[in-house]
Amino acid sequence: MTTSLDALAAFLFEGTDPLQTGVVSGTLEPARIAVVRGRLLDITGAPLGGARVSVLNHPEFGETRSREDGFYDLAVNGGGALVLTYDAAGTLKVQRTITPRWQELEVMPDVVLIALDPQVTTVQLDLPNAQVAAGSVVTDEDGTRQATLLFPA
């Protein structure tokens, strides 16, 4: 006897304390269901727990959070391209596209979320002179560098 993926994945979005919250009733079609699995890391390669994973422009799928080991699972409908959005407090948002297949477990490549630079430059676009915005100086195994942007007048 075989068990369908929708029955196996139901714990993700059903029950009193589901991993995937905010799923609109009737959104996940049993014949089309797919589960997307992946892992989120920080810049050092350490697992990133508590990051939010959702589907861009599809709030009906709700959202999930990465676990302490960085892994997440998200039930969606397969058969079309979806853009996954990853974000955590203090990091840049990341988006990745996937076209999940019906009744399949799809594994995404690891995603690294990078912390926002604490150095912020305000740029006023209506000034008559060019302006420079510079990030923090960074030093690692690739050397020392500083991201710098020039905004022409």
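Residues numbered from 1 in each chain as written. Predicted model: local features only at pLDDT ≥ 70, side-chain atom pairs only at ≥ 80, totals over all residues. Heavy atoms only, no water.

Undergrad: What am I meant to see in a nonpolar patch on the surface here?
TA: A cluster of nonpolar side chains, namely Ile43, Leu92, Val112, Ile114 and Leu116, defines an oily patch on the protein surface of about 450 Å² accessible area. Here isoleucine 114 lies in the loop between strand E8 (111-112) and strand E9 (131-140). (Patch = residues over 30% accessible without salt bridge, like charges linked within 9 Å, V, L, I, M, F, W, Y side chains within 5 Å. Areas by Shrake-Rupley, 256 points an atom, 1.4 Å probe, with all protein chains shown as cover. Salt bridge = Lys/Arg side-chain N within 4 Å of Asp/Glu carboxyl O. Helix = DSSP H or I, 4+ residues; strand = E, 2+ residues; numbered from the N terminus.)

Undergrad: Is there a simple way to think about the layout of surface pockets in this case?
TA: Here the largest pocket is characterised by a volume of approximately 520 Å³. Taken together, 20 residues make up the lining of the largest pocket; nearest its centre are Asp117, Gly135, Ser136, Val138 and Ala147. Contributing elements (two or more residues each) for the lining of the largest pocket: E9 and strand E10 (143-151). It is E10 that contributes the most residues to the lining of the largest pocket, six residues altogether. Quantified by volume, the second largest pocket comes out at close to 150 Å³. Residues belonging to the lining of the second largest pocket are distributed by class as follows: eight nonpolar, three polar and two charged. (1 Å grid on protein atoms, 1.4 Å probe; cavity = no way out; pocket = protein on both sides within 12 Å on 5 of 7 lines; lining within 4 Å. Points joined across faces, edges and corners; volume = space filled by probe spheres on them. Nonpolar A, V, L, I, M, F, W, Y, C, P; charged D, E, K, R; others polar.)

Undergrad: Would you mind going over the pairing of E10 with me for this structure?
TA: Look at any regular strand and the pattern is simple: side chains alternate between the two faces of the sheet. As paired strands, E9 and E10 are joined by eight bridges and run antiparallel to one another. Looking across to E10, one finds that valine 137 is bridged to glutamine 146. Between E9 and E10, which follow one another and run antiparallel, lie two residues. (Pairing = 2+ DSSP bridges.)

Undergrad: Help me understand the sheet that holds strand E6 (residues 94-98), please; the structure alone is not making it clear to me.
TA: Adjacent strands of a sheet pair through backbone hydrogen bonds, lying either parallel or antiparallel. Judged by pairing direction, the sheet is antiparallel, and its four strands sit side by side in the order E3-E2-E5-E6 without closing on themselves. Whereas interior strands pair on both sides, the edge strands pair on one side only; in this sheet they are strand E3 (63-65) and E6. Direction aside, neighbouring strands of the sheet carry axes that sit 25 degrees apart on average. (Axes fitted to C-alpha atoms, helices over the stretch in contact; angles between N-to-C directions.)

Undergrad: Help me understand the nonpolar core in this model?
TA: Ranked by internal contacts, the top residues of the largest apolar core, which has 29 residues, are Phe13, Leu40, Tyr72, Val76, Leu84, Tyr86 and Leu113. Of all the secondary structure elements, the ones that give two or more residues to this core are helix H1 (5-13), strand E1 (33-41), strand E2 (52-55), strand E4 (71-77), strand E5 (82-87) and E6. If near-sequence neighbours (up to four positions away) are discounted, leucine 84 is found in contact with Val36, Ser54, Val55, Tyr72, Leu74, Val94, Gln95, Arg96, Ile98 and Met108. (Core = buried A, V, L, I, M, F, W, Y, C linked by side-chain atoms within 4.5 Å. Buried < 20%, exposed > 50% of the residue type's maximum accessible area, 1.4 Å probe, protein only. Contact = heavy atoms within 4.5 Å.)

Undergrad: Is there a simple way to think about the environment of leucine 48 in this case?
TA: Position of leucine 48 among the secondary structure elements: in the loop between E1 and E2. Separated by 57 residues in sequence, leucine 48 and leucine 105 place their C-alpha atoms 22 Å apart. Residue contacts for leucine 48: discarding those within four places in its chain leaves Leu40, Leu41, Asp42, Ser66, Arg67, Gly70, Ala88 and Leu113.

Undergrad: Can you walk me through the environment of threonine 121 in this structure?
TA: Looking at where threonine 121 falls in the secondary structure, it is placed in the loop between E8 and E9. Residues threonine 121 and aspartate 42 lie 79 residues apart in sequence; the distance between their C-alpha atoms is 24 Å. Other than its neighbours up to four places away in sequence, threonine 121 contacts Val132, Ala133 and Ala134.

Undergrad: Explanation requested: the side chain of asparagine 77 in the structure shown.
TA: Along the chain, the position of asparagine 77 falls in strand E4. Residue classification places asparagine 77 among the buried positions, given a relative accessible area of 7%. A distance of 2.8 Å separates a polar atom in the side chain of asparagine 77 from the backbone oxygen of threonine 27. In terms of polar contacts, asparagine 77 uses its side chain to reach the backbone amide nitrogen of glutamate 29, at 2.9 Å. Other than its neighbours up to four places away in sequence, asparagine 77 contacts Thr27, Leu28, Glu29, Arg32, Ile33, Phe61, Leu82 and Pro100. (Polar contact = N/O pair within 3.5 Å; in protein donor to acceptor, adjacent residues only side chain to side chain.)

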